[in-house]
Amino acid sequence: MANLSDETLLVALFRQGRLLKLLDEVTKADMTIYERFGETESTITALTQLQNSRERLTNSYTRVGTLLQRVHESQPQADASLLELFYRSVAEALSTADAIEATVKETKRDWDLL
């Protein structure tokens with residue numbers, strides 16, 4: 001059975017929710033830039049940066065979810081190394097979200113999307 005407190009579970013799920021919201025925001029910014037300005041020399045850097053952000057968000061979301069599932073499937077209890085990997089992925093999800101949130105805000109400001 002899982003060795004996670006309710007608080008830890010809620011934090012992990014909250015971070016996954018934040019990653020999903022950011023994924024939506026990044027995708028909208030990407031589509032808006034592409035639709036308004038096309039794929040040109042001036043937009044390619046922003047579009048590439050947003051694509052990379054989507055990949056990072058997706059990877060982080062998937063990692064947290066997969067590890068959360070593995071922790072809960074562990075019997076009779078989760079291995080210490082698995083728990084450590086899970087806790088690290090939850091912490092990294094926060095760092096990823098913070099960094100990408102700043103990137104999206106900057107990109108929106110640069111392309112007058114605010």
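Turning to the nonpolar core, a few remarks are in order. Ranked by internal contacts, the top residues of the largest apolar core, which has 26 residues, are L4, V26, I33, L50, L57, V71 and F86. Elements that contribute at least two residues to this core include exactly α1 (6-37), α2 (41-73) and α3 (80-110). If sequence neighbours within four positions are ignored, F86 has contacts with L4, T8, A12, V64, L67, L68 and V71.

On to the side chain of S53, then. Residue placement: S53 occurs in helix α2. Residues contacting S53, with those up to four places away along its chain left out, are V26, I100 and T103.

Once that is clear, we can look at α2. Over its 33 residues, α2 runs 49 Å from end to end, which matches the ideal 48 Å to within 8%, given 1.5 Å per residue. Among the residues of α2, T43, A46, L47, L50, S53, R54, L57, S60, V64, L67, L68 and V71 are the ones counted as buried. As for α2, its buried residues are in contact with α1 and α3.

Quick look at the packing of aromatic side chains now. In this structure the tally under the stated criterion is 2 aromatic pairs. Ring centres 5.0 Å apart and planes at 50 degrees place the aromatic pair F37 and W111 in the tilted group. One end of the pair, F37, is in helix α1; the other, W111, is in the segment after α3, with 74 residues separating them in the sequence.

For the rest of this paragraph, the subject is the packing of α2 against α3. Relative placement of two packed helices is described by the angle separating their axes and the distance separating the axes. Put simply, α2 and α3 touch, their axes get as near as 9 Å, and they point 155 degrees apart. Accordingly, the angle class assigned to the pair α2 and α3 is roughly antiparallel. Relative to α3, the crossing made by α2 is left-handed. Its residues placed into classes, the contact of α2 with α3 shows 16 nonpolar, 7 polar and 4 charged.

All told, the structure shown has 6 salt bridges when counted by the stated rule. The closest approach of N and O atoms between R63 and E92, which form a salt bridge, is 3.9 Å. With R63 in helix α2 and E92 in helix α3, this residue pair connects regions lying 29 residues apart in the sequence. With a relative accessible area of 35%, R63 lands in the partly exposed category. Sharing partners across several salt bridges, the network here consists of R18, D98 and E101.

It is the contact of α1 with α2, at a shortest axis distance of 9 Å, that shows an interaxial angle of 160 degrees. The orientation of α1 with respect to α2, classified from their angle, is roughly antiparallel. Seen from above, α1 lies across α2 with left-handed handedness. Taken together, the residues of the contact of α1 with α2 break down into 19 nonpolar, 8 polar and 2 charged.

Rules behind the numbers
Residues numbered from 1 in each chain as written. Predicted model: local features only at pLDDT ≥ 70, side-chain atom pairs only at ≥ 80, totals over all residues. Heavy atoms only, no water. Core = buried A, V, L, I, M, F, W, Y, C linked by side-chain atoms within 4.5 Å. Buried < 20%, exposed > 50% of the residue type's maximum accessible area, 1.4 Å probe, protein only. Helix = DSSP H or I, 4+ residues; strand = E, 2+ residues; numbered from the N terminus. Contact = heavy atoms within 4.5 Å. Expected span 1.5 Å × (residues − 1). Phe/Tyr/Trp six-rings, centres within 6.5 Å; stacked < 30°, edge-to-face > 60°. Axes fitted to C-alpha atoms, helices over the stretch in contact; angles between N-to-C directions. Parallel < 35°, antiparallel > 145°, perpendicular 65-115°, else oblique. Left-handed = near helix turned anticlockwise from the far one by under 90°. Nonpolar A, V, L, I, M, F, W, Y, C, P; charged D, E, K, R; others polar. Salt bridge = Lys/Arg side-chain N within 4 Å of Asp/Glu carboxyl O.

These values are about where atoms sit, not about what they do.
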